[in-house]
Amino acid sequence: MKLKSILCTMALLFTSLALSAQNAIDKAVDEYSSIGKSTFTSAVERDPKTRKVLKVVKVLQPTDITINKLRRAFLNEQESGQFSIITHEDEETMTLTIEGDQENRVYMMQYRNQGASFHNGKVTIIIKYK
């Protein structure tokens, strides 16, 4: 009985960690997309027979502003899934992959690192439903 309780608690904990990543990064993307100095695109792929949503792709490209808050959201959520940072000269790419029961999410952020500020960012969110 105790083992079931422990396993159930652990499952809820892992689910809440994945949801917090989704909420923190999605919230930051929503905030940047609404301030006006950005380009936001969203595309939905549906099954032609059932019209069920198969995949959603969102792309945010802020212009003329720093992206420190978006970068911080990614760094704060790096423990929520598989996380990596690739650096090439002054460009960095962060990727966070979260596998869930109903969907898989990939969060990717590309930007230029200019010391204490981060510019020319692009965030791509891919949600693939199972």
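Summarised in this report is the structure supplied together with it. (Residues numbered from 1 in each chain as written. Predicted model: local features only at pLDDT ≥ 70, side-chain atom pairs only at ≥ 80, totals over all residues. Heavy atoms only, no water.)

### So, the overall build of the protein chain
The test is simple: Helix numbering and strand numbering both begin at the N terminus, where a helix is a DSSP run of H or I of at least 4 residues and a strand a DSSP run of E of at least 2. Using a 1.4 Å probe on the protein chains alone, a residue whose accessible area is under 20% of its type maximum counts as buried, one over 50% counts as exposed, and one in between counts as partly exposed. Only heavy atoms matter for contacts: two residues are in contact if any of them lie within 4.5 Å across the pair. Each accessible area value is a Shrake-Rupley result obtained with a 1.4 Å probe; residue values ignore everything except the protein chains displayed when judging cover.
Of the regular secondary structure elements, the protein chain holds 2 helices and 6 strands. Helices (α) and strands (β) of the protein chain occur, in sequence order from the N terminus, as α-β-β-α-β-β-β-β. Counting only residues that meet the buried cut, the protein chain has 27% of its 130 residues in that class. Here the analysis covers contacts within the protein chain between residues at least 6 apart in sequence; of these, 49% occur between residues at least 24 apart. When the accessible surface of the protein chain is split by element, carbon and sulfur atoms take 54% of a total near 8500 Å².

### Quick notes on the pairing of strand β4 (residues 91-99)
Each regular strand shows side chains that alternate between the opposite faces of the sheet. The line we're drawing: The criterion for strand pairing is that DSSP finds at least two bridges linking the strands in question.
Bridging between strand β3 (residues 82-88) and β4 involves 7 bridges; their strand directions are antiparallel. Each bridged residue has a counterpart across the sheet, and for Ile-86 the counterpart in β4 is Thr-93. Linking β3 to β4, which pair antiparallel, is a turn of 2 residues; within it Glu-89 sits at a positive phi near 55°. Pairing analysis gives 9 bridges linking β4 to strand β5 (residues 103-114), with the strands arranged antiparallel. When the sheet's bridge partners are listed, Thr-95 is paired in β5 with Met-108. From the end of β4 to the start of β5, which pair antiparallel, there are 3 residues.

### Quick word on the environment of Thr-124
Mapped onto the elements, Thr-124 comes out in strand β6 (residues 117-129). Residue Thr-124 is classed as buried on the basis of its relative accessible area, which comes to 12%. With near-sequence residues (within four places) excluded, Thr-124 lies in contact with Val-57, Lys-58, Val-59, Val-106, Tyr-107 and Met-108.

### Some thoughts on the pairing of β6
Here strand β2 (residues 53-62) pairs with β6 via 6 bridges, running antiparallel. Bridging from a neighbouring strand, Val-57 pairs with Ile-126 of β6. Looking at chain direction, β5 and β6 are connected through 11 bridges and run antiparallel. If you follow Arg-112 over to β6, its bridge partner there is His-119. Here β5 hands over to β6 after 2 residues, with Gly-115 in that stretch at a positive phi of 80°.

### Here we look at the nonpolar core
Soluble, globular proteins show a tendency: their nonpolar side chains are buried together. Under the convention used in this document: The term nonpolar core refers to a set of buried residues drawn from Ala, Val, Leu, Ile, Met, Phe, Trp, Tyr and Cys, joined through side-chain atoms within 4.5 Å.
Among the nonpolar cores identified, the biggest contains 20 residues, and Leu-70, Met-109 and Val-123 are the most heavily contacted of them. Among the elements of the structure, α1 (2-34), β2, α2 (68-76), β4, β5 and β6 are those that each provide at least two residues to this core. With residues up to four places along the chain from it excluded, the contact list for Met-109 reads Ile-67, Leu-70, Arg-71, Phe-74, Glu-92, Thr-93, Met-94, Lys-122 and Val-123.

### Notes on unusual backbone geometry
Although it is not a glycine, Arg-51 adopts a positive phi angle of roughly 65°. Its place among the elements puts Arg-51 in the loop between β1 (38-46) and β2. Assessed through its relative accessible area of 52%, Arg-51 is described here as exposed. Here Glu-89, not a glycine, exhibits a phi torsion of approximately 55°, which is positive. Tracing the sequence through the fold places Glu-89 in the loop between β3 and β4.

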